[in-house]
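Close look at the chain arrangement
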Amino acid sequence: MEYSREIYWNVGQQVVLPMYILSGVSIVLMIWWGFWRRIKIYRNGKPLSRWDKVAKRLGDALFSTLFQTRVIRSWGAGTAHGLFFFSFMTLLSGTFLVLLQEDVVAPFFNGRFLVGKFYQWFSLSLDISGLVAILMLFGFVWRRYVIRPEGLTSNQDNWIGLSLLLLILVTGFVLEGVRIAATEMDKDLRFWSPVGLAVAASVDDLGEKALRNVHMVIWWTHLVLVMGFIAFIPFSRLRHLILIPVNVFFRDIGPTGKLVSLDLTDESIETFGAESLSDLSWKDILDSDACVSCKRCQDRCPAYATEKPLSPMQLMNQLQALAFAAPNKGSKTESDTGMIEAVSRDAIWACTTCRACESTCPATIAHVGKIVEMRRHLVLMEGAFPGPEVMAAVNQVEINGNPFGLGYADRGGWAKELGVPTLSESTNVDVMYFAGCYASYDKRNIQVARNLIKLCRAAGVRVGILGSEEKCCGEPVRKLGNEYLYQTLAEENISAFKRYGVKHIVTNCPHCFNTLSKEYRDFGLHITVEHATTFFAGLLAEGKLQLKQQAFECTYHDSCYLGRHNGIYMAPRALLNAAGGTIVEMEKNGMEGVCCGGGGGRILAEETLGERMNTRRVNMAMHTGAPLLASSCPFCLTMFEDAARAQDIEENIIPKDMLEILAERL
Amino acid sequence: MKILVCVKQVPDMASKFTINADGNWYGEQGLAWRMNEYDEFAVEQAVRLWEQEVGAELVVISIGPARCREAIKKALAMGADRGVHVEDENCFKKDPYQIAGILAEYAKGEHFDLIFTGMQSQDRGSGQVGVLLAGMLGLDVVTTIIGFAYQDGKIRVKRELEGGLKAVVEVSSPALLTCQLGLAQPRYPTLPNIMKAKKKELTLISVDDLQQLPSLSQTALVEFPQRRKGGLVLEGDVNDLADELVAILKEKTTVLARK
């Protein structure tokens with residue numbers, strides 16, 4: 001006997017038409033009523049084209065949704081969501097296969113494929129999926145309403161959505177059980193639906209008439225629940241089902257973390273940055289609406305963790321609330337002009353632009369760019385800064401090209417006794433070392449610069465510097481919102497590079513590296529720019545750099561601008577290993593690494609609110625028990641030295657730049 | 001109401017200074033230039049008054065070579081209405097009397113209600129230009145102000161005295177005020193104002209057209225200060241150290257004289 005079943009048993013083919021009408025109506029209702037009015041709100045934002053590389057975008061959106069790649073990165077709730085999704089998709093495909101057979105293939109081609117062995121496995125997989133989905137739902141309920149993780153926000157959408165899903169799944173099993181009880185109790189096929197069979201066993205003695213009545217009622221209940229669920233999507237947090245894939249499609253596809261350069265040459269533009277929502281783009285508003293409040297960003301935000309008034313998630317919630325507070329009005333509604341105050345200045349200044357939020361966000365929301373836009377408004381339109389010390393440093397960058405207020409003429413002074421030529425003295429060099437402000441002026445970081453020269457020379461690389469012709473790359477002031485000063489500095493640096501025909505730049509500062517390699521492209525710089533770690537890792541692989549292995553133990557801190565902004569995780573570790581190092585990783589490392597507190601221009605600011613970020617990170621390093629904290633960023637080194645000194649733990653853990661460790665082993 | 005602010009462009013004090021070939025001033029090589037810090041406070045206070053008095057006109061003037069237009073532009077970006085650049089390649093050779101004379105020659109026909117200057121310049125530091133200018137124009141002058149209020153022609157300022165004392169002084173306009181650091185934190189110019197500043201009126205006047213007075217003094221020689229001996233480090237038992245310190249303070253200073 002061939003395994004199969006009568007589809008639409010008990011309800012009959014006559015249900016097909018009302019079913020299509022119902023689903024048709026609910027889908028139209030959902031799209032027009034729900035999403036259209038949301039799209040109108042998105043359009044209050046500034047225009048922005050995201051229709052390039054459509055195939056890549058579409059592929060990414062489909063792949064990351066169907067395989068839940070960004071969701072399952074986070075173990076636990078993410079895994080459960082993934083399992084639930086896969087199960088639900090299996091159930092959905094099952095329903096579609098039924099639909100395909102009964103309403104397309106059977107009537108038009110007189111064929112059936114839900115038969116035989118295929119039907120057996122079809123039944124079994126649907127049953128297991130339903131069971132897994134129910135288990136995961138209980139898990140969700142347990143987490144949200146019993147465990148209640150810190151920071152997880154719930155509203156009525158959550159319990160309504162969860163209840164609907166649970167009811168849909170349960171009524172599905174009841175339907176199956178009733179049908180089995182009435183038609184399959186004498187067939188082997190019933191064992192291929194174990195959950196349905198369990199239900200069937202408990203209702204078996206009702207008799208066929210009662211079973212048919214129950215089946216009819218539950219069938220329609222199930223259908224109404226499903227339609228209700230679909231209609232509920234645009235009006236609740238369930239809209240993430242649609243908005244996240246759409247948001248992934250429209251996401252910023254790189255280069256990672258690159259900011260938008262403002263056009264400062266167009267004299268007709270008189271406002272800069274974002275004061276209100278309508279100064280942000282439509283994609284920014286879509287971002288805020290696509291946020292499902294999973295709080296992964298908040299859990300990873302170094303500002304939130306140290307009691308600053310910033311949470312990337314809450315920022316999205318605030319923007320969304322503002323966007324939808326006064327719908328159906330044109331741009332610049334009264335409610336949205338208060339964006340800066342709604343978000344709060346302290347929150348805007350607290351961000352270190354470390355990208356922990358963006359890199360973890362399963363919805364690919366871009367938080368940092370919005371914060372920078374608000375900072376641009378504050379600095380360029382109001383002349384406001386997080387504190388007077390920051391304004392003084394920015395003024396100094398303007399006057400002397402460095403934030404310390406030290407004379408520009410002495411920028412190359414550290415290299416004099418080493419005999420490093422400036423390019424004005426000789427352009428006969430292999431690479432130009434862009435030292436940056438810290439390695440040029442800060443005593444501690446000058447040691448790192450000297451070691452970099454030592455390593456270059458050991459590897460037979462001729463290196464020159466710009467000396468007094470080098471200026472701050474502009475990264476900290478740009479991240480603080482001072483696009484005007486940044487562009488001035490960028491143009492001066494680039495014209496110096498061009499003046500000497502520079503073709504290859506090496507820098508040990510990840511902030512300079514990120515700026516020169518990515519951000520300067522907007523101003524016409526397209527030459528090789530390498531960070532010291534990848535540069536020396538390359539020389540090591542080529543055999544030009546020889547290190548004497550000498551065993552040591554250390555932990556390694558990933559600079560945000562090397563790691564999350566540029567994906568450089570392996571090169572520094574390879575170098576440390578080659579030098580004889582055993583790396584005891586911190587719990588939060590690599591992509592999960594925690595900011596030292598120096599990014600986003602915060603290196604120039606006093607940290608007056610909450611716990612200090614550098615202290616927190618140094619304590620994490622201490623927990624590894626390693627005596628050495630290696631890093632590869634002048635800001636990180638400065639922050640860690642400050643933290644170690646302030647806590648009097650310099651004897652327990654020594655912060656070092658990894659170039660120093662390498663140079664000790666030449 | 002017409003307000004004038006006098007500003008000077010000076011080298012950033014963190015620069016590495018050299019002495020020029022004639023040995024009578026610093027050399028200009030390797031210097032970063034900026035607005036005299038005291039003048040920044042003067043500009044800020046003037047802009048705040050301009051914001052308070054609707055319809056007021058705020059003029060900024062500076063004497064110096066072409067580069068000093070950057071300082072004028074900064075003041076324009078901070079809010080001044082128009083700039084006057086008195087072109088003079090050799091202003092460093094002029095003494096405060098002659099500089100004040102040039103400014104007075106410009107200001108006398110303009111009938112300013114209030115003139116703000118820095119208390120002194122960071123490079124020459126004579127502290128005389130403002131006072132001399134007031135004298136030449138026959139204006140009341142209050143120096144070293146750290147607080148300012150204006151209401152219907154009445155000016156109420158706080159000025160710094162010796163030993164941490166402060167005095168409140170009232171004068172009527174027209175008057176001249178020399179500004180001390182801390183008077184009013186200079187603002188950071190907004191980008192739209194920086195853009196606007198580029199289009200504001202900037203009048204160029206040759207110094208020869210305004211120079212009526214001679215210099216009364218000349219700078220004979222500029223030298224770096226002699227290197228002093230290093231500090232004294234006391235070591236040993238704390239009780240002995242305290243006695244030693246008291247002895248040194250009594251012998252070399254007057255801080256313990258009162259008791």
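What you see is a predicted model; the values in this text were computed from it and never measured.

The topology assignment puts Ser15(B) in the loop between β2 (9-11) and β3 (33-35). Since its relative accessible area comes to 8%, Ser15(B) is described here as buried. A polar atom in the side chain of Ser15(B) sits 3.4 Å from the backbone nitrogen of Ala32(B). What Ser15(B) contacts, discounting residues up to four positions off in sequence, is Gly407(A), Gly30(B), Leu31(B) and Ala32(B).

Residue-level contacts link 25 residues of chain A with 21 residues of chain B. Buried area between chain A and chain B, both sides added, is near 1,700 Å², and the carbon and sulfur share of it is 62%. Ranking the residues of chain A by area buried against chain B places Met391(A), Ile399(A) and Tyr484(A) at the top, with a combined share of 29%. Here chain A and chain B share 2 salt bridges between them. Its salt-bridge partner being Lys16(B), residue Asp410(A) comes within 3.6 Å of it at the nearest N-O pair. Contributions of two or more residues to the side of chain A that touches chain B are made by α16 (368-382), α17 (388-400) and α21 (483-499) of chain A. With 7 residues, the single largest contributor to the side of chain A that touches chain B is α17(A). Its residues placed into classes, the side of chain A that touches chain B shows 13 nonpolar, 7 polar and 5 charged.

Turning to α16(A), a few remarks are in order. All names here are of chain A. Over its 15 residues, α16 runs 20 Å from end to end, which matches the ideal 21 Å to within 8%, given 1.5 Å per residue. Burial within α16 is extensive, with 12 of its 15 residues counted as buried. Where α16 is concerned, the buried positions are Val368, Lys370, Ile371, Val372, Glu373, Met374, Arg375, Arg376, His377, Leu378, Val379 and Leu380. Residue Gly383 follows α16 closely and has a positive phi angle near 65°.

What follows is about unusual backbone geometry. With an omega of 0°, the peptide bond running from Gly254(A) to Pro255(A) counts as cis. For Pro255(A), the location among the structural elements is in the loop between α8 (240-249) and α9 (282-290). The omega angle of the peptide bond from Ser173(B) to Pro174(B) is 0°, so this bond is cis rather than trans. Assignment of secondary structure puts Pro174(B) in the loop between β9 (166-172) and β10 (175-179). The phi angle at Ser293(A) is positive, at roughly 60°, despite the residue not being glycine. One non-glycine residue, Ser344(A), adopts positive backbone phi at about 85°. Position of Ser344(A) relative to the elements: it lies in the loop between α13 (339-343) and α14 (345-350).

Residues and elements named next belong to chain B. The strand order across the open sheet formed by 9 strands is β9-β8-β7-β10-β6-β1-β4-β5-β11, and the pairing between neighbours is mixed. Each edge of the open sheet carries a strand with a single partner, namely β9 and β11 (202-206). Within the sheet, the average angular offset between the axes of one strand and its neighbour, ignoring direction, is 30°. By the bridge criterion, 6 bridges tie strand β4 (residues 57-64) to strand β5 (residues 82-87) in an arrangement that is parallel. Bridged to Val59 within β5 is Arg82. Packing against the sheet, helix α1 (residues 37-52) makes contact with β1 (2-7), β4, β6 (114-118), β7 (140-151) and β10, and its axis sits at approximately 155° to β6. Running at roughly 145° to β4, helix α3 (residues 96-107) makes contact with β1, β4, β5 and β11 of the sheet.

Our next topic: the packing of aromatic side chains. Tallied over the full model, the rule gives 30 aromatic pairs over all chains. Centre to centre, the rings of Phe249(A) and Phe250(A) are 4.9 Å apart; their planes meet at 90°, and the pair counts as edge-to-face. Of the residues examined, Phe249(A) reaches a relative accessible area of 9% and is grouped as buried. Consider the rings of Tyr26(B) and Trp33(B), whose centres lie 6.4 Å apart with planes at 45°: the pair is tilted. What makes Tyr26(B) buried here is its relative accessible area of 12%. Here a set of aromatic residues connected by ring pairs shows up, and it is made of Phe17(B), Trp25(B), Tyr26(B), Trp33(B) and Phe92(B). Seen from the ring of Phe324(A), Arg38(A) lies directly overhead, with NZ or CZ sitting 4.3 Å from the centre. Over the aromatic face of Trp33(B) sits the side chain of Arg67(B), whose NZ or CZ is 3.5 Å from the ring centroid.

Backbone-to-backbone hydrogen bonds join strands into a sheet, with any given pair of strands oriented parallel or antiparallel. Residue and element names in this part refer to chain A. Taken together, the 4 strands give an open sheet; going across it, the order is β2-β1-β3-β4, and neighbouring strands pair in parallel fashion. The open sheet has two free edges, formed respectively by β2 (463-464) and β4 (528-531), since each of these has just one partner strand. Here 4 bridges tie strand β3 (residues 504-507) to β4, and the two strands are oriented parallel to one another. In the strand pairing of β4, Val506 is matched with Glu530. Taken strand by strand, helix α22 (residues 510-517) contacts β3 and β4, and its axis lies near 160° from that of β4.

Think of it this way: side chains of opposite charge can pair up when their charged atoms draw near. Applying the stated criterion to the full structure yields 55 salt bridges over all chains. Linking Glu110(B) and Arg82(B) is a salt bridge whose minimum nitrogen-to-oxygen distance equals 3.3 Å. Placement of Glu110(B) in the loop between α3 and β6 and of Arg82(B) in strand β5 is noted, with a sequence separation of 28 residues between them. Between Glu170(B) and Arg156(B) there is a salt bridge, with its nearest N and O atoms 2.7 Å apart. Here Glu170(B), found in strand β9, pairs with Arg156(B), found in strand β8 (residues 154-160); they are 14 residues apart in sequence, far enough to count as distant. Overall, Glu170(B) belongs to the exposed group, its relative accessible area being 56%. Assessed through its relative accessible area of 46%, Arg156(B) is described here as partly exposed. Through salt bridges that share partners, Arg444(A), Glu641(A), Asp642(A), Arg645(A), Glu650(A) and Glu660(A) make up one connected network.

Attention shifts here to a negative patch on the surface. Residues Asp237(B), Asp240(B), Asp243(B) and Glu244(B) make up a contiguous surface patch of negative charge. Structurally, the position occupied by Asp240(B) is in helix α6 (residues 238-252).

Cut-offs used in this document
Residues numbered from 1 in each chain as written. Chains lettered and ligands numbered in written order. Predicted model: local features only at pLDDT ≥ 70, side-chain atom pairs only at ≥ 80, totals over all residues. Heavy atoms only, no water. Helix = DSSP H or I, 4+ residues; strand = E, 2+ residues; numbered from the N terminus. Buried < 20%, exposed > 50% of the residue type's maximum accessible area, 1.4 Å probe, protein only. Polar contact = N/O pair within 3.5 Å; in protein donor to acceptor, adjacent residues only side chain to side chain. Contact = heavy atoms within 4.5 Å. Buried area = accessible area lost by both parts, 1.4 Å probe. Salt bridge = Lys/Arg side-chain N within 4 Å of Asp/Glu carboxyl O. Nonpolar A, V, L, I, M, F, W, Y, C, P; charged D, E, K, R; others polar. Expected span 1.5 Å × (residues − 1). Pairing = 2+ DSSP bridges. Axes fitted to C-alpha atoms, helices over the stretch in contact; angles between N-to-C directions. Phe/Tyr/Trp six-rings, centres within 6.5 Å; stacked < 30°, edge-to-face > 60°. Lys NZ or Arg CZ within 6 Å of the ring centre and 35° of its normal. Patch = residues over 30% accessible without salt bridge, like charges linked within 9 Å, V, L, I, M, F, W, Y side chains within 5 Å. Areas by Shrake-Rupley, 256 points an atom, 1.4 Å probe, with all protein chains shown as cover. Lys, Arg positive; Asp, Glu negative; His and termini not counted. Charge placed at Lys NZ, Arg CZ, Asp CG, Glu CD.

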